Amino acid sequence: MTDRLSTTFAKPHPALVCFLTAGDGETAANLDALVAGGADVIELGMPFTDPMADGPAIQNANIRSLKAGTTTADVFAIATGFRQRHPEVPLVLMGYANPMIRRGPEWFADAAKKAGVDGVICVDIPPEEDDALGPQLRAAGIAPIRLATPTTDAARLPAVIEGSEGFLYYVAVAGITGMQQAAIGSIEDNVARIKRSTDIPVAVGFGVRTPEQAAEIARVADGVVVGSALVELVAEHGRNAPEHLRALTRSLAEAVHSAR
């Protein structure tokens, strides 16, 4: 299944990675709109009560989803439906350890495999605790996608890279999602530093909201992740969100794909 990720990042242009929270609004229609707009990779957020890395937009999306009764089983049902409709588009689950390992990492990895998931980003399992979920994901053919940050120094970077597959997610700010964007000089320096140590594609996220910002980052990275700006459209437009998601995604995709 990780072949979908490697195929996507082997294309001659950077990848646009788009995030939405599962169970927040009409998720299936919203995901379809992202694909129609040109998203290369879909990140599906697993709603959680304490999303420590996320800013207000995604926190509120988690709350809306949980109030609607979304369960882990619902997330996998959404993933399964997406895979049936879009057999070639990579799908990554992003979330936190509790829902992923509560029933055992083998159960989670097996359920993710059956749903057609390509990769998993678990925000709060550090590389030093890889054995909590990593081996089970790899055994199921699912990429454990690690995060690097501006504070990931040269001493720790090898531990982050080791065992990471699919792509490496560079968190551009030492903060939460959707609130600020790092200076492009800082992003360029850190992406170059990471790429000197690994051949894994590097996608940059946190704080990317506009096509102009996305294009600037795409000139130096292998991928650009956009989340909060899309999640806000779901909150604002409800059932009418798909047309707005499609329009923003199209403008982001055009900017990212033509950046170099």
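Everything in this summary refers to the structure shown in the same document. Quick caveat: nothing in here was measured; it's all calculated off a predicted structure.

What about the packing of aromatic side chains?
- A complete count under the given rule lists 5 aromatic pairs for this structure.
- Centroid distance Phe76 to Phe108: 5.6 Å. Interplanar angle 55 degrees. Geometry classified as tilted. With a gap of 32 residues between them, Phe76 in helix α4 (residues 72-85) and Phe108 in helix α6 (residues 105-115) connect regions that are remote in the sequence. The same class applies to Phe76 and to Phe108, which are both buried.
- Aromatic rings pair up to connect Phe76, Trp107 and Phe108 into one cluster.

A few points about unusual backbone geometry
- One non-glycine residue with positive phi stands out, namely Phe206, at about 80 degrees.
- Within the secondary structure, Phe206 sits in the loop between β8 (202-205) and α10 (211-218).

Overview of the side chain of Thr198
- Of note, Thr198 is situated in the loop between α9 (184-195) and β8.
- Within the structure, Thr198 has its side chain in polar contact with the backbone nitrogen of Ile200 (distance 3.0 Å).

Here's the deal with helix α3 (residues 56-67)
- The end-to-end C-alpha distance of α3, which contains 12 residues, comes to 16 Å, matching closely the 16 Å that a straight helix rising 1.5 Å per residue would cover.
- Looking only at α3, the buried set comprises Ala57, Ile58, Ala61, Asn62 and Ser65. Angular distribution of buried residues about the axis of α3 spans 140 degrees; they occupy a single face of the element.
- Buried positions along α3 lie against β1 (15-21) and α11 (228-237).
- Backbone geometry just after α3 places Gly69 at a positive phi near 90 degrees.

So, the environment of Gly104
- Structurally, Gly104 can be placed in the loop between α5 (97-101) and α6.
- For Gly104, a relative accessible area of 15% corresponds to the buried category.
- Residues Gly104 and Ala57, 47 residues apart in the sequence, show an inter-C-alpha distance of 30 Å.

Remarks on the packing of α3 against α11
- Running from N to C, α3 and α11 point in directions that differ by 45 degrees, and their axes come no closer than 9 Å. When the axes of α3 and α11 are compared, the pair comes out oblique. Note on packing geometry: the crossing formed by α3 with α11 is left-handed. Taken together, the residues of α11 that come into contact with α3 (itself represented by Ala57, Ile58, Ala61 and Arg64) are Ser228, Val231, Glu232 and Ala235.
- Its residues assigned to classes, the contact of α3 with α11 shows 5 nonpolar, 1 polar and 2 charged.

Regarding the packing of α10 against helix α12 (residues 241-257)
- Look at α10 against α12: their axes get within 8 Å of each other, and the N-to-C directions meet at 25 degrees. As summarised for this structure, α10 and α12 are arranged roughly parallel, according to the angle between their axes. Note on packing geometry: the crossing formed by α10 with α12 is right-handed. Contact residues: α10 offers Pro211, Ala214, Ala215 and Ala218, while α12 offers Ser251, Leu252, Ala255 and Val256.
- Residues that form the contact of α10 with α12 fall into these classes: 7 nonpolar, 1 polar and no charged.

Focus on the pattern of salt bridges
- Tallying each qualifying case throughout the model produces 12 salt bridges.
- Across the salt bridge formed by Arg138 and Asp130, the nearest N and O atoms sit 2.9 Å from each other.
- A relative accessible area of 27% means that Arg138 is categorised as partly exposed.
- Of the residues examined, Asp130 reaches a relative accessible area of 18% and is grouped as buried.
- A salt bridge links Arg146 to Asp130; its shortest N-O distance comes to 2.8 Å. Within this pair, whereas Arg146 is found in the loop between β5 (143-144) and β6 (147-148), its partner Asp130 is found in the loop between β4 (119-122) and α7 (134-139), the two being separated by 16 residues in sequence.

Some points on the pairing of β1
- Summarising burial for β1: 7 of the 7 residues are buried, a large majority.
- Taken together, β1, helix α2 (residues 27-37) and strand β2 (residues 41-45) form a β-α-β motif whose crossover is right-handed.

Some points on the side chain of Asp40
- Checked against the element boundaries, Asp40 lands in the loop between α2 and β2.
- Notably, Asp40 is buried but unbridged: the nearest opposite-charge side chain belongs to Lys11, and the N-O separation is 4.4 Å.
- Here Leu16 takes part through its backbone nitrogen, which lies 2.7 Å from a polar atom of the side chain of Asp40.
- Among the polar contacts made by the side chain of Asp40, one reaches the side chain of His257 at a distance of 2.7 Å.
- Discounting chain neighbours no more than four positions away, the residues touching Asp40 are Thr8, Lys11, His13, Pro14, Ala15, Leu16, Val89, Pro90 and His257.

Parameters and conventions
Residues numbered from 1 in each chain as written. Predicted model: local features only at pLDDT ≥ 70, side-chain atom pairs only at ≥ 80, totals over all residues. Heavy atoms only, no water. Phe/Tyr/Trp six-rings, centres within 6.5 Å; stacked < 30°, edge-to-face > 60°. Helix = DSSP H or I, 4+ residues; strand = E, 2+ residues; numbered from the N terminus. Buried < 20%, exposed > 50% of the residue type's maximum accessible area, 1.4 Å probe, protein only. Polar contact = N/O pair within 3.5 Å; in protein donor to acceptor, adjacent residues only side chain to side chain. Expected span 1.5 Å × (residues − 1). Arc of directions from axis to C-beta. Contact = heavy atoms within 4.5 Å. Axes fitted to C-alpha atoms, helices over the stretch in contact; angles between N-to-C directions. Parallel < 35°, antiparallel > 145°, perpendicular 65-115°, else oblique. Left-handed = near helix turned anticlockwise from the far one by under 90°. Nonpolar A, V, L, I, M, F, W, Y, C, P; charged D, E, K, R; others polar. Salt bridge = Lys/Arg side-chain N within 4 Å of Asp/Glu carboxyl O. Right-handed = clockwise from strand over helix to strand, strands pointing away. Lys, Arg positive; Asp, Glu negative; His and termini not counted.

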